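Chain residues, written in single-letter form:
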Amino acid sequence: MSDRDRLRDYRGKRDFDRTGEPRGRGASAGDRPRFVVQIHDASTMHFDFRLQVDDVLKSWSVPKGPSADPKDKRLAVPTEDHPLEYEEFEGVIPRGEYGGGTVIVWDHGTYEPLSHDRKGRPVGFAESLERGHATFRLSGSKLRGEYALTRFRSGRDGDGEEAWLLVKRTGGGGRAQGAPDPRRARSATSGRTLAQVASDAAGE
C-alpha cells in the first residue's frame, strides 16, 4: 500500500490550513524503528501510543497510558495511521478540528521487534500485528523493557470496535516509569506541561 493510501484516513480527517499537525511528506524511516507516546488533552484525556511500522506510525489510544507493572492490562484502541513526522508533534490542535486539544510528547525512542511464531522463527512486525499479537522491546527515556500488544476484540461481525491490550512483559527487563498524572507530566522534548504548551500557543 502506498504512503498516500496509508495516510488517507489521517489526511481526510484534518484541515491542514487550520491545524499545525504534519501533513506527512515521507520522512526518513531511519535505521531502527521508532516509537512515541503522546499525551492528548482532547474531549477525553488519553495517551497515544505509536509504533513505526514501515513508513507510518501505527497508533492506539490508551486511556490510562502504558504501565510498568506487568499486572496492569491497559486497553488500547486502534486509531488511524499517522505520518512519521508526527513523532515530533507537540502543540494545540484548534477547537472544532478532529482531536482538538493540547498534545505533548511524553516519551519517544526506538524499539526492537521480538515476535516469533510457535516454532521460534522470527515474524515480521507488520505480520505479527495482523495476527493480533506483537512483542517488542522499548528503548525510551521513560519506557524501557519488553511489552506486548494483544488483540482481544476484532471489531468484526458486530462485536464492537477493535480493541487490544498493552502489557509490560514479566521478566522483560528494563526499569520504566509508568504513566503519570497527565496534567503534571512533562514533555520529553521540551520539558513543558500540557498547560504550558497551551499557554504558549495562546500567546503566539
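Keep in mind it's a predicted model, so treat the numbers as computed, not measured. (Residues numbered from 1 in each chain as written. Predicted model: local features only at pLDDT ≥ 70, side-chain atom pairs only at ≥ 80, totals over all residues. Heavy atoms only, no water.)

**Details of the side chain of lysine 142**
By secondary structure assignment, the location of lysine 142 is in the loop between strand E7 (133–140) and strand E8 (144–153). Among buried charged residues, lysine 142 stands out as having no salt bridge; its nearest opposite-charge side chain is aspartate 107, 6.0 Å away. Polar contacts involving the side chain of lysine 142 include one to the main-chain carbonyl oxygen of tryptophan 106, which spans 2.8 Å. A polar contact of 3.0 Å, which involves the side chain of lysine 142, links it to the backbone oxygen of arginine 186. (Helix = DSSP H or I, 4+ residues; strand = E, 2+ residues; numbered from the N terminus. Buried < 20%, exposed > 50% of the residue type's maximum accessible area, 1.4 Å probe, protein only. Lys, Arg positive; Asp, Glu negative; His and termini not counted. Salt bridge = Lys/Arg side-chain N within 4 Å of Asp/Glu carboxyl O. Polar contact = N/O pair within 3.5 Å; in protein donor to acceptor, adjacent residues only side chain to side chain.)

**A look at the nonpolar core**
By size, the foremost hydrophobic cluster in this structure holds 26 residues, and its most contacted members are Phe49, Leu51, Trp60, Phe136, Leu138 and Leu149. Not counting residues up to four positions away in its chain, the partners in contact with leucine 138 are Phe35, Phe49, Leu51, Thr110, Tyr111, Leu143, Arg144, Gly145 and Tyr147. Val36, Leu57, Phe89 and Val103 belong to the second-largest nonpolar core, a separate cluster that totals 10 residues. (Core = buried A, V, L, I, M, F, W, Y, C linked by side-chain atoms within 4.5 Å. Contact = heavy atoms within 4.5 Å.)

**Section: the packing of aromatic side chains**
For any pair of aromatic rings, the description consists of the separation of the ring centres together with the inter-plane angle of the planes. This structure, assessed with the given rule, holds nine aromatic pairs. Taking the centre distance of 6.0 Å and the plane angle of 45° together, the rings of tyrosine 10 and phenylalanine 16 count as tilted. A residue is classified by how much of its surface remains accessible, and phenylalanine 16, at 16% relative accessible area, is buried. Between tryptophan 60 and tryptophan 164, the aromatic rings sit 5.9 Å apart at their centres with planes inclined by 75°, giving edge-to-face as the arrangement. Taken together, the residues span a long stretch of sequence, with tryptophan 60 in strand E3 (residues 56–62) and tryptophan 164 in strand E9 (residues 163–168) at a distance of 104 residues. (Phe/Tyr/Trp six-rings, centres within 6.5 Å; stacked < 30°, edge-to-face > 60°.)

**Describing the pairing of strand E2 (residues 45–53)**
Of all nine residues making up E2, eight are buried, and the element is well covered by its neighbours. In terms of strand pairing, strand E1 (residues 34–41) meets E2 through seven bridges, oriented antiparallel. Bridge pairing in E2 places glutamine 38 opposite aspartate 48. In this structure, E2 lies alongside E3, joined through seven bridges in antiparallel fashion. Following the sheet pairing, phenylalanine 47 is matched in E3 by valine 62. Counted along the chain from E2 to the antiparallel partner E3, the turn is two residues long, and its residue aspartate 54 has a positive phi close to 60°. (Pairing = 2+ DSSP bridges.)

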